[in-house]
Protein chains: 2
Amino acid sequence: MTAYWCASAWLPDGVVNGVLVTESSGKITSVSVVDRAPAGAVVLPGLVFPGFANAHSHAFHRALRGRTHGGGGTFWTWRDRMYELAGRLDPDSYLELARAAYAEMALAGVTCVGEFHYVHHAPGGARYDNPNAMGHALAQAARDAGIRITLLDTCYLAGGIGEPISSDQQRFSDGDADAWASRVAELRPDDGFRIGAAIHSVRAVPRAELSTVAAFDGPLHVHLSEQPAENEACLAAYSLSPTQLLAEAGALGPRTTAVHATHLTPQDIALLGGSGTGACFCPTTEADLADGIGPARELVDAGSPLSLGSDQHAVVDPLAEARALEHGERLRTGKRGRFAPAELVAALTAHRALGWPEAGRIEVGAPADLVAVRTDTVRTAGSLAEQIVLTASASDVDTVVVGGRVVVRSGEHVLGDVGGLLTKAIERAWA
Amino acid sequence: MTAYWCASAWLPDGVVNGVLVTESSGKITSVSVVDRAPAGAVVLPGLVFPGFANAHSHAFHRALRGRTHGGGGTFWTWRDRMYELAGRLDPDSYLELARAAYAEMALAGVTCVGEFHYVHHAPGGARYDNPNAMGHALAQAARDAGIRITLLDTCYLAGGIGEPISSDQQRFSDGDADAWASRVAELRPDDGFRIGAAIHSVRAVPRAELSTVAAFDGPLHVHLSEQPAENEACLAAYSLSPTQLLAEAGALGPRTTAVHATHLTPQDIALLGGSGTGACFCPTTEADLADGIGPARELVDAGSPLSLGSDQHAVVDPLAEARALEHGERLRTGKRGRFAPAELVAALTAHRALGWPEAGRIEVGAPADLVAVRTDTVRTAGSLAEQIVLTASASDVDTVVVGGRVVVRSGEHVLGDVGGLLTKAIERAWA
């Protein structure tokens, strides 16, 4: 059993000063108000949040950071560069790269990552000896980095609506949705590893195959309406919006998360909200990739809970995503305070979207996930505790506890020099 | 004489590895390529940029960070809170607050600040014994923090177009533009302190007084079209846009910088660009205050050079402003690479806008302003040097040299604990 004394903590009912949290076997066993740290307690400085959920990650994209801004272009030309990188990965190099990327996430306060995983097979599509070798590498990477993972194993079958898979995309494809399901059924979860499903997009999964993926018993994620071109192609082929097509396939509902949800009609918003489908916004990616600003407030008001993701990892900083979510709302509406700070924290801690409904709150029975954010840095000095989610950044994260294990202390990861791990893994990926 | 050896440096023609920069009396005396650091040279890690110019600052707004997000509201309700703070300052408390705010800027790589200064007089409008006591406090604060300052002394005479000054605003006003000019004429520049003028806005300076301020011999700044309400009031009163009104008063031209320039017509853009008027964007403020995204690319294409400012200091991070400038372009156009990395660096180093045309480049004769940005952190690892302006942040700034003096080393300011200085100054300001 370990005791953590928090100078202040973000509890379900608000910020409380002097909070003692005890833990046993990775779960919180008590939460009490205690003025001073008892002897033997680990002292956590600043304001302690529940662990953050990074609800949308493509780990290998970390190797693209700072390498795609040389020319102009669009989302689609960026994707060519991304495919070039995807073509180079093998299970060993992916383990090394993902381990470093997940360690960077841990430093930023992430205690669980949702990995939207579609680089399944060898280049050209040949199966590895173990057809889940890449997925296992990702689970191992998270274990090594000290965080939990939900592997959102992604069905990817087509190069576009009515188009065959391209040579770049062959390693993503299982051939059909049944083969995808058979492979996924071989994955074995453990304490820190759960399994979910993903429809890559309505571009990559044909209409007739959608319901097979949607039948998966667990969290279901899908890239939705990130770019206007997807909407146009879907309407042209099916006379339905992507959201309407997913609804027809039975793919919407409370266990589903629509990722991006940028270019929606009012009808789409009503379908998503009315079905309780979640929405995962990735604001720094949606800016970097020139996607646009989606209707976050409207989705929440319609009934969609929000989560946040770092997606392509142009930035790995959940607090920056939360701030960018609110900034996007302000920019598109001319109003401030579109989301209350508590709503932003709810989005930061939406582990439910990854199939860990017990996580994301500092309360008895929850995983002992604690993120201590310093309140005395140049960034946070002077802020009210209740508003620090709008001023802090990953650089202010001091200590991260994941399931009762201290993974980050004084801003240092247990693996040591994560910048060095990243440099080495990225050089190898491009070598 | 001091020698600095840069592992790599951003020179006028691009990134060069192994650069020796020598300095004497605060100016660069040589720049040469040298493989290894000579004995006695100060080694600067990572990529060394010229010093950054923060072209738009209201130092006291730093005390608002993390204190204005409690409710909803608009720019105008935020302004009420800002006036409440402005009403509390005196020369001593302002010196303390601005010193800490400028030290935070130095840590982020700022070597010169443009302070848009309008809190001139005592509450109610009474003159201090020295009517420039507040301006002197700001100049002293910059000196203490180790950076240069251009005091953009701001004419502020009216509470709105055709409206008298309000009680909150009395301490901003000199009564008329001639009185403003007389007071400003008493300011004395020195090595690290230059003087510019500012028209607060077309809301705050009546049409008949504009040309008096515009006649100032030096840099001239003006808040321009930050909010649609300003445009509507100006059109209603004068049948002119704010840009057209400034043009009529002779206030546009190469020594003028239009701050924000958010809500412009194509005619406004042509007037600003055609006259060579600069534009200062403050992207993190324009997001925080729900202003909107201005037409940055169109302004540059029309002939307006860009600069960047942290304005209300919701964020103090020039690299974050540069990234947000490009992100804003991508979000509003659906295209990537709207500004080349070199254009973003040009905006970061636009000291010309503050009346220091000799600064902002690593070349012989320029002030010895050097900002070493680490390339091995979790944020920057793996980035190409040429693109690091899109991945680095203030947290990656290692060393800052201002006019040959090392002000920041290993991320520590010579004043010590800047977070502590900020906390103390902000508590005093609100006490």
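Residues numbered from 1 in each chain as written. Chains lettered and ligands numbered in written order. Predicted model: local features only at pLDDT ≥ 70, side-chain atom pairs only at ≥ 80, totals over all residues. Heavy atoms only, no water.

Asker: For this particular structure, what's the right way to read the sheet that holds strand β15 (residues 405-409) of chain B?
Answerer: The pairing of strands in a sheet comes from backbone hydrogen bonds and takes either a parallel or an antiparallel form. Residues and elements named next belong to chain B. The eight strands lie next to each other as β3-β2-β1-β4-β13-β14-β15-β16, forming an open sheet whose pairing is mixed. Each edge of the open sheet carries a strand with a single partner, namely β3 (27-33) and β16 (412-413). As paired strands, strand β2 (residues 14-24) and β3 are joined by six bridges and run antiparallel to one another. In the sheet register, E23 faces β3, and the bridge partner there is I28. (Pairing = 2+ DSSP bridges. Helix = DSSP H or I, 4+ residues; strand = E, 2+ residues; numbered from the N terminus.)

Asker: How should the side chain of A:E286 be read in this particular structure?
Answerer: For A:E286, the position within the fold is in helix α9 (residues 283-288). In this structure A:E286 is buried but unpaired, with A:R332 as the nearest side chain of opposite charge at 10 Å. Ignoring sequence-local partners within four residues, the contact set of A:E286 consists of A:H260, A:C280, A:F281, A:D291, A:G292 and B:L331. (Buried < 20%, exposed > 50% of the residue type's maximum accessible area, 1.4 Å probe, protein only. Lys, Arg positive; Asp, Glu negative; His and termini not counted. Salt bridge = Lys/Arg side-chain N within 4 Å of Asp/Glu carboxyl O. Contact = heavy atoms within 4.5 Å.)

Asker: How do you make sense of the relation of the copies chain A and chain B when you look at a structure like this?
Answerer: Between the two copies of the chain lies a rotation about an axis combined with a shift along it. Once chain A is rotated about the relating axis by 180 degrees and shifted along it by 0.0 Å, it coincides with chain B to within an RMSD of 0.0 Å. Seen this way, the second copy is the image of the first under a two-fold rotation axis. By C-alpha distance to the rotation axis, the residue of chain A lying nearest is A:S395, at 3.4 Å. By residue overlap, the copies meet face to face through one surface: 100% of the interface positions of chain A are interface positions in chain B. (Least-squares fit on C-alpha atoms with pLDDT ≥ 70 in both.)

Asker: Is there a simple way to think about the interface of chain A and chain B in this case?
Answerer: Interface size is often expressed as the accessible area that is lost when the parts come together. Each partner contributes to the interface: chain A provides 49 residues, whereas chain B provides 49 residues. The three residues of chain A that bury the most area against chain B are A:H69, A:R336 and A:V378, which together make up 20% of that side's buried surface. Applying the counting rule to chain A against chain B returns four salt bridges. Linking B:R336 and A:D288 is a salt bridge whose minimum nitrogen-to-oxygen distance equals 2.7 Å. Counting the contacts that link chain A with chain B gives 31 residue pairs in polar contact (both at pLDDT 80 or more). When contributions to the side of chain A that touches chain B are tallied by element, the ones reaching two or more residues are α1 (75-86), α2 (91-107), α9, α11 (318-333) and α13 (418-430) of chain A. (Buried area = accessible area lost by both parts, 1.4 Å probe. Polar contact = N/O pair within 3.5 Å; in protein donor to acceptor, adjacent residues only side chain to side chain.)

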